[in-house]
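# A structural walkthrough
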Amino acid sequence: MTDSSENIPVVKEPEQVHGLLAEYETPQQLISAARQVRDAGYSRWDSYSPFPVHGLDPAMGIRPTVLPWIVFVAGLCGGTFALFFQWWTSTTDYPWIVSGKPFFSIPANIPITFELTVLSAALTCFTSMLLLNRLPLPAHPLDRIRRFARVTDDRFFILIQASDPKFDARETAELLARTGPRGAVETVMEDTHSSATLPRGVVFGLLIVGSAAIVPFALTTLARVSTSTSTRFHIIPDMDWQQKFKAQRQNSFFADQRAMRLDVPGTVAQGELQDDDHYYHGKVNGSFAKTFPPQVEISDQTMARGQERFGIYCTPCHGDDGSGQGMVHLRAKSLMQGTWVPPADLRQDTLRYKSVGELFDGISRGVRNMPGYARQVDVADRWAIVLYLRALQHAQGARIEDIPESERKGLE
Amino acid sequence: MSHGEEAHLDDRITLDADGGALFRGFAIAGVAGLGGAALLGMSDTAKLQRAYLVAFMYVLSVALGALWFVAIQHLTNAKWSVAVRRVAEILASNMLLVAALSLGVVVPMLAGSSDLYVWLDRARVEQDHILHHKAAYLNIQFFMVRWFLYFGFWIWLGRRFFKLSVQQDKEGGAEISSSLQRISAPSMIVYALTLTFCAFDLIMSLDAMWYSTMFGVYYFAGCVLAGYSTLGLALMWVQSKGRLSQSVNEEHYHDIGKMMFAFIIFWAYVGFSQFMLIWYGDIPEETHWFHWRFEGDWKVVSGLLLGAHFVVPFFGLMSRHVKRNKRSLAFWAVWILAVHYLDLFWLVYPNGSGDVPFGAVDILCWIGVLGIFGAGAIWRAQKVNLIPTGDPRLADSLAFENV
């Protein structure tokens, strides 16, 4: 270390002095010097280092940055905007059903909301960091100091600006000399030669890039407001014209010219092999079965199921009691529909003495005006309906003797 | 990078007999909790099994989280974490005890109980087309093979990290560090596979019809959260006993807090990704799993989970000051450990009935299993240094500062 009095430079014209510069060899020296400058009460000064030095912030007395709050607010804005914009486009501007989901489906909107939150926070973080640090800085008086070039490599610097209210050419230089710099404290002069604005070439470059960036938007806008006689431009032709045959179209490859192929004769789809005549068709040896097939369990549970299915599929026409006075029938009558064929009274004798197989067949394939219900009601449920229907017919024509002794009293 | 003060190791770094009170507390809680649960749950063993499964998956997640922490620090040659790594090594080396605790799940399975896992019911498997299809994987023999692989690997890895690190305390030198770094890379792959399939086997197969390939990652997110939260709390407890007072400081807590914050987001990210694919696909065999969780009282639990496991801690842990303050970090660590239980409860229990059968048995099981695990960890902690003194990167860790 040299004697401190030798380090005091000759002060030139005060208005030309930008500040005083001290150089250090290690980050530890920089931190201890920064502490001394901080404690001396300076405010317009800075440290320079090739890499982030841990603990430099408190050593310089720098207050926590406001950047996290800016980023937080930017993230919130990005997320809110994304959610609002998706809501507006999908419910108000251009409502369109996608995959049967509601117009405004939060789950589908989360990914974009997330991305826009992150994007807006990240971009804001980057640009705010630059702006808060007053970057980019095209020219700085330190650029003219030869040894300052090593700040990008292995040297550390402190610069106290002359504009600091506490700055005094002599005292400040003495302070810096006391911090143990390498070599002399150097006076940095204001840079009167180079301008603080961007070089002309950079400005022109930015202008050209900026103008070019408008072109795609201008062309898109033009295309939207004008008409054209030329054919549409196909961006992805093999998606617009696909090499495939659609249903019900012709295909010369096959002899029968059908694009859709039929099943090989004798094909049975899984679960469609209905080889049990009694169960699937209600027939035994070609005539209607008198008994329920063994697969049908005669139980309260089946009865309840049958009652429920009857309530859903049969009562609209036949009515709750099977009398044929269902809501559809009553409505047709009230409208005086001339072509209306009244539904059958299920209690009539002709039906009461029909075998269960025939009733099953009627439900499955329909009777006169009544369509078949095989498509809507599966086999087990159709048998359950038959079971319930049998009970209903019995109950509707019941005599007092049919009722158990114990129950009879309440009715008499 | 580290500058400034040199490393100081004038701390007390052994627990000696000071863990005795907590060891006894944990041991008593463990025995009393499990005993009480067994007594109370005797009448309804199906319920007891579920309660025990939640509690077991809970300690397993703590141990797996700690194991992952140790492995990733070695894998990345991390310097900051050396001062806190021993505590995680102790938690992870407890895996043998966790394997013993898993017997509470496995023994009823071997005894033929299909209360939890329908795929153990032979008659159901014969009848059900889907179960029949999956029987090549979901059967008790193959399950036992996998169980041995999972725990065998975890016990081996946890013991290896712990033993070599303790050996390094005496011998020093960088060879042990680099050999641990070498095994950590392939171990990470095996770890990912074992954890994923263990989560499939023990939780996902509760509903054997349902499947989600992301399920293992979802459980992993919970493991890491539980691991970091336990690590933070354990360090605070050690420091409250006057140990590691200077070795571990707010810089280390800050990093632990950052990882908690990151994995809060990761948990939500994975959970949502799993949900969105199923929601969009809208296939009944997949959606029923969520329907069960959106019906009846489970609707409230699901909402609570979203709020308490993501929204609230997301904003709560965001600030740097919260992570650097021991008290506030402790609050969030306890919070995460509580909602992690809720998360596992939410994974294991719903069965379509809409009821949320939370009761004393659940709490007793949780206290019991956690007590045993904690007692094991403290027993081990009393015998070794609380800091890997032989690790050449220790000085860097002690002087570590966040930018």
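Residues numbered from 1 in each chain as written. Chains lettered and ligands numbered in written order. Predicted model: local features only at pLDDT ≥ 70, side-chain atom pairs only at ≥ 80, totals over all residues.

## Overview of the overall build of chain A
In terms of helices and strands, chain A carries 16 helices and 8 strands. Rg of the C-alpha trace for chain A: 46 Å, well past the compact-globule value of 22 Å for 412 residues, more than 25% over. C-alpha atoms of chain A, sized along the principal axes, occupy 130 × 70 × 45 Å. When each of the 412 residues of chain A is scored for burial, the buried share is 19%. Across chain A, contacts joining residues at least 24 apart in sequence account for 70% of those joining residues at least 6 apart. (Helix = DSSP H or I, 4+ residues; strand = E, 2+ residues; numbered from the N terminus. Rg over C-alpha atoms; globule rule 2.2 N^0.38 Å. Buried ≥ 20, exposed ≤ 12 C-beta atoms within 10 Å, placed from the backbone. Contact = placed C-beta atoms within 7 Å.)

## Focus: the overall build of chain B
A tally of helices and strands in chain B yields 16 helices and 0 strands. With respect to the three principal axes, the spread of C-alpha positions in chain B is 70 × 40 × 40 Å. Counting the 403 residues in chain B, one finds 42% classified as buried. Taking all contacts inside chain B whose residues are at least 6 apart in sequence as the whole, residues at least 24 apart take part in 84%.

## Quick word on the interface of chain B and chain A
Contacts between the two partners involve 10 residues from chain B, matched on the other side by 10 residues from chain A. Looking at the side of chain B that touches chain A residue by residue, the class counts come to 7 nonpolar, 2 polar and 1 charged. (Nonpolar A, V, L, I, M, F, W, Y, C, P; charged D, E, K, R; others polar.)

## Regarding the packing of helix 4 (residues 67-93) of chain A against helix 5 (residues 106-132) of chain A
Taken N-terminus to C-terminus, the directions of helix 4 of chain A and helix 5 of chain A make an angle of 145°; their axes are 7 Å apart at the nearest point. The handedness of the crossing between helix 4 of chain A and helix 5 of chain A is right-handed. (Axes fitted to C-alpha atoms, helices over the stretch in contact; angles between N-to-C directions. Left-handed = near helix turned anticlockwise from the far one by under 90°.)

## What to know about the nonpolar core
Where a protein is soluble and globular, its nonpolar side chains tend to be buried together. Counting 103 residues, the largest nonpolar core has Tyr58(B), Val59(B), Ala63(B), Met260(B) and Val369(B) as its most contacted members. A total of 20 residues in this core trace back to one element, the largest contributor, which is helix 2 (residues 45-75) of chain B. When residues no more than four places from it in sequence are discounted, the contact partners of Tyr58(B) are Tyr341(B), Leu344(B), Trp366(B) and Val369(B). Counting 25 residues, the second largest nonpolar core, distinct from the first, contains Ala22(A), Leu30(A), Trp45(A) and Ala177(A). (Core = buried A, V, L, I, M, F, W, Y, C linked by C-beta atoms within 7 Å.)

## Thoughts on the sheet that holds strand 2 (residues 45-48) of chain A
Residue and element names in this part refer to chain A. Reading across the sheet, the 4 strands line up as 2-3-1-4 and stay open at both edges, with antiparallel pairing between neighbours. Pairing within the sheet leaves two strands with one partner each, and these edge strands are strand 2 and strand 4 (186-189). Neighbour-to-neighbour, the strand axes of this sheet turn through a mean angle of 25°, independent of strand direction. Both strand 1 (residues 17-24) and strand 4 contribute to a ladder of 4 bridges, which runs antiparallel. (Pairing = 2+ DSSP bridges.)

## Thoughts on the environment of Arg159(B)
All names here are of chain B. Within the secondary structure, Arg159 sits in helix 7 (residues 140-171). Its 16 C-beta neighbours within 10 Å are what place Arg159 among the partly exposed residues. For Arg159 and Val270, which are 111 residues apart along the polypeptide, the C-alpha to C-alpha distance reads 30 Å.

## Brief notes about the pairing of strand 1 of chain A
All names here are of chain A. For strand 1, a buried count of 7 out of 8 residues is recorded, marking the element as mostly surrounded by other parts of the structure. Relative to strand 3 (residues 156-161), strand 1 runs antiparallel, the two sharing 6 bridges. Bridging across to strand 3, Tyr24 finds its partner in Phe156.

## With respect to the packing of helix 11 (residues 284-294) of chain B against helix 12 (residues 298-316) of chain B
What describes two packed helices is the angle between their axes and the distance between those same axes. Residue and element names in this part refer to chain B. Put simply, helix 11 and helix 12 touch, their axes get as near as 6 Å, and they point 95° apart. Classified by the interaxial angle, the pair formed by helix 11 and helix 12 is roughly perpendicular. Contacts between helix 11 and helix 12 involve Trp292, Arg293 and Phe294 on the former and, on the latter, Trp298, Lys299 and Ser302. In terms of residue class, the contact of helix 11 with helix 12 is built from 3 nonpolar, 1 polar and 2 charged. (Parallel < 35°, antiparallel > 145°, perpendicular 65-115°, else oblique.)

## Focus: the confidence of the model for chain A
All names here are of chain A. The predicted model of chain A has a mean per-residue pLDDT of 89, with 95% of residues at 70 or higher. Looking across chain A, the model is least confident in helix 1 (residues 4-7), with a mean pLDDT of 50, and most confident in helix 4, with 96. Across residues 1-5 the pLDDT falls below 50, and counting only partners more than four positions away or on other chains, this stretch makes 5 contacts in the model. (pLDDT = per-residue confidence, 0-100.)

## Some details on unusual backbone geometry
Here Leu135(A) and Pro136(A) are connected by a cis peptide whose omega angle stands at -5°. Here Pro136(A) lies in the loop between helix 5 and strand 3. Positive phi is not limited to glycine here, since Arg368(A) has a value of about 45°. Along the chain, the position of Arg368(A) falls in the loop between strand 7 (366-367) and strand 8 (370-371). Residue Arg368(A) is classed as exposed on the basis of its C-beta count, with 8 C-beta atoms lying within 10 Å. You will see that Asp16(B), though not glycine, has its phi angle at about 50°, which is positive. Within the secondary structure, Asp16(B) sits in the segment before helix 1 (20-41). The exposed category is assigned to Asp16(B), around which 11 C-beta atoms lie within 10 Å.

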